[in-house]
Amino acid sequence: MAKVIKLFHTLRNHWKKTTVGACLLTWGGNWLYGKHCDNLLRRAACQEAQVFGNQIIPSSMQIKKATVFLNPAACKGKGRSLFEKNAAPILHLSGMDVTVVKTDYEGQAKKLLELMENTDMIIIAGGDGTIQEVITGLLRRADEAVFSKIPIGFIPLGKTSTLSHTLYPECVNQVQCITDATLSILRGETIPVDVLQIKGNKDLPVFAVTGLRWGSYRDAGAKVSKYWYLGPLKIQAAHFFNTLKEWPQKHLASLSYLGPTPRPPEEPEKKTSRPPLYARIYKRLSHYWAPAPTETAKEVTPELWQEMQLSAIEFSVTTQNRHLDLKHTEDFMNICIEPDTVSKGDYIKRGSQKMEEPHMCPEGSQFLQASRCILQLPEDSEGSLSIDSEEYEAMPLEVKLLPRKLKFFCDASKKDQMLHSTS
């Protein structure tokens, strides 16, 4: 008892050291507990993947091939470590033939897709920029009609992973996000995803699954990292200093667009067996003796283009992938034209919201639905375009919607939620 009283007096007399030590012990215990929970998540995911790996494969069936495009620079250079710790063991335990392709510089994934051989699935490990590069390289191929049918998996490793909010449930723990995404790929549930084909002055188009932005909020958001020394005020500072330029900041352009198109009903793929020899001979003879009548050319209705002049503080074109609804009867992309009459105070306040939700269309904006649009910019246009968080030079653009072009693996609960949501 005397020793306990002596210890208590010692702690009381050195209360500063005691407080610092208690804080360090609490932080260290919490850190160790977090590491323990992460290991439990990895172990549970590996055990589930082992179930897929233990399945017996018939001799007539080949092992599935998976090609992984990994961006090691994602998440401030932690992409490779995150993938090898959390996703790679799950993929290897599943019994698939996994080939990992690491990108060394920006734009390399587009070139590597040109050399990719046949594979059963494509897995993108990175962020929005990595997705944009991979699908651009995929859809630029001469045989894109065949390769676009390959299902695509997405493992969110980047700082911005917009598509993960559509494909997987919300989660705070990064390890859980990665393991859940990898397991969703093994389970095999897929959903169709819209793609934007964006063509500028250059010959080759760029493809995006989220959208593009052009305007003052995008320009200010690109400069936020310059004010890192202001801590939590860096976002407000970037937008405040942007207001010191010419105000109001007007972005002038000419817009032409086509309205939404009706969505055709989905038809299940039917694998028909080859007819017998006598049936094929009879069919050829019948075509020879009684050739099919020539079809009359159908009248093509002219496209109803609508034109308008716009003056906006920001202009954006987005797909419906962020809030995907599989029951829609029309295919369209969303065009948001934000007015340039906003005050400086509202501009700074809205800029913080735009950092969390870049493609939000605030109240008071002009909202359009289109299947195709052409944006003509003046020759002296300033600023840059953001296409799926990647920066491009501002130029005249033609944007075309490719509805349900690609299939992405998703969580089964998210797919059920989309099927039961009301249009």
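Residues numbered from 1 in each chain as written. Predicted model: local features only at pLDDT ≥ 70, side-chain atom pairs only at ≥ 80, totals over all residues. Heavy atoms only, no water.

K.L.:
Any chance you could explain the state of the cysteines here in plain terms?
P.N.:
Cysteine pairs can be linked by a disulfide, which is a covalent bond between their two sulfur atoms. Tallied over the entire structure, the rule returns 2 disulfides. Each sulfur in the disulfide pair Cys-171 and Cys-177 lies 1.9 Å from the other. Torsion about the S-S bond of the Cys-171 and Cys-177 cystine: about 140°, corresponding to right-handed handedness. By relative accessible area, which is 24% here, Cys-171 ends up partly exposed. Accessibility expressed as a relative area gives 19% for Cys-177, which makes it buried. (Disulfide = S-S within 2.5 Å. Buried < 20%, exposed > 50% of the residue type's maximum accessible area, 1.4 Å probe, protein only.)

K.L.:
What am I meant to see in helix H13 (residues 344-356) here?
P.N.:
Because each turn of an α-helix spans 3.6 residues, side chains separated by three or four positions in sequence point in the same direction. Taking 1.5 Å of rise per residue, the 13 residues of H13 would be expected to cover 18 Å, and the 19 Å separating its terminal C-alpha atoms lies within 8% of that figure. Among all positions of H13, only Tyr-347, Ile-348, Arg-350, Gly-351, Ser-352 and Lys-354 are buried. (Helix = DSSP H or I, 4+ residues; strand = E, 2+ residues; numbered from the N terminus. Expected span 1.5 Å × (residues − 1).)

K.L.:
I tried to follow the pattern of salt bridges on my own but got confused; where do I start?
P.N.:
Any two side chains of opposite charge can pair, so long as their charged atoms come close to each other. If you walk through the whole model with that rule in mind, you get 15 salt bridges. Where Lys-102 meets Glu-84, a salt bridge forms, and the shortest distance between an N and an O atom there is 3.8 Å. You can see Lys-102 sitting in strand S2 (residues 97-102) and its partner Glu-84 sitting in helix H4 (residues 79-93), a full 18 residues away along the chain. The partly exposed category is assigned to Lys-102, whose relative accessible area is 32%. Note on Glu-84: relative accessible area 39%, which makes it partly exposed. Between Asp-143 and Arg-141 there is a salt bridge whose closest N-O contact spans 3.0 Å. On the basis of relative accessible area, Asp-143 is assigned to the partly exposed category, the value being 31%. The structure contains a network of salt bridges with shared partners spanning Arg-213, Glu-314, Glu-338 and Lys-354. (Salt bridge = Lys/Arg side-chain N within 4 Å of Asp/Glu carboxyl O.)

K.L.:
Got a minute to help me understand the pairing of strand S17 (residues 397-409) in this structure?
P.N.:
On any regular strand, side chains alternate: one points to one face of the sheet, the next to the other face. For strand S5 (residues 190-199) and S17, the ladder comprises 9 bridges, and the chain directions are antiparallel. Looking at S17, one finds that Gln-197 is bridged to Lys-400. (Pairing = 2+ DSSP bridges.)

K.L.:
Looking at this model, I keep getting lost on a negative patch on the surface. Mind explaining?
P.N.:
On the surface, Glu-246, Glu-379, Asp-380 and Glu-382 cluster together into a negatively charged patch. On the secondary structure map, Glu-246 appears in the loop between helix H11 (234-243) and strand S8 (251-258). (Patch = residues over 30% accessible without salt bridge, like charges linked within 9 Å, V, L, I, M, F, W, Y side chains within 5 Å. Areas by Shrake-Rupley, 256 points an atom, 1.4 Å probe, with all protein chains shown as cover. Lys, Arg positive; Asp, Glu negative; His and termini not counted. Charge placed at Lys NZ, Arg CZ, Asp CG, Glu CD.)

K.L.:
I would appreciate a short explanation of the environment of Asp-38 in the present structure.
P.N.:
Mapped onto the elements of the fold, Asp-38 is located in helix H2 (residues 15-53). On the basis of relative accessible area, Asp-38 is assigned to the buried category, the value being 12%. In this structure, the C-alpha to C-alpha distance between Asp-38 and Phe-207, residues 169 residues apart in sequence, is 36 Å. When residues no more than four places from it in sequence are discounted, the contact partners of Asp-38 are Asn-173 and Val-175. (Contact = heavy atoms within 4.5 Å.)

K.L.:
Is there a simple way to think about a nonpolar patch on the surface in this case?
P.N.:
Judged by side-chain polarity, Trp-228, Tyr-229, Leu-230 and Leu-233 come together as a nonpolar surface patch covering roughly 490 Å² of accessible area. Structurally, the position occupied by Leu-233 is in the loop between helix H10 (216-221) and H11.

K.L.:
Teacher, can you tell me more about the packing of H2 against helix H9 (residues 174-187) here?
P.N.:
Working note: a packed helix pair is described by the angle between its axes plus the distance between those axes. Where H2 contacts H9, the two axes come as close as 10 Å, and the packing angle between them is 5°. Classified by the interaxial angle, the pair formed by H2 and H9 is roughly parallel. Here Asp-38, Leu-41, Arg-42, Ala-45, Glu-48, Ala-49 and Phe-52 of H2 come into contact with H9, specifically with Val-175, Gln-176, Thr-179, Leu-183, Leu-186 and Arg-187. Class assignment for the residues of the contact of H2 with H9 results in 7 nonpolar, 2 polar and 4 charged. (Axes fitted to C-alpha atoms, helices over the stretch in contact; angles between N-to-C directions. Parallel < 35°, antiparallel > 145°, perpendicular 65-115°, else oblique. Nonpolar A, V, L, I, M, F, W, Y, C, P; charged D, E, K, R; others polar.)

K.L.:
Can you help me understand the side chain of Thr-136 in this one?
P.N.:
The topology assignment puts Thr-136 in helix H6 (residues 128-139). By relative accessible area, Thr-136 is classed as buried at 0%. A distance of 3.2 Å separates a polar atom in the side chain of Thr-136 from the backbone nitrogen of Phe-207. Discounting residues that sit within four places of it in the chain, Thr-136 has contacts with Lys-110, Pro-205, Val-206 and Phe-207. (Polar contact = N/O pair within 3.5 Å; in protein donor to acceptor, adjacent residues only side chain to side chain.)

K.L.:
Would you take a moment to explain the pairing of strand S12 (residues 333-339) for this structure?
P.N.:
Taken across its 7 residues, S12 has 6 buried, putting it largely inside the fold. Of the pairings in the sheet, the one linking strand S10 (residues 306-318) to S12 comprises 6 bridges and is antiparallel in character. For Ser-316, the partnering residue across the bridge sits in S12 and is Cys-336. With 5 bridges connecting them, S12 and strand S13 (residues 366-370) associate as antiparallel partners. Looking across to S13, one finds that Ile-337 is bridged to Gln-366.

Nothing here speaks to function; it is geometry throughout.
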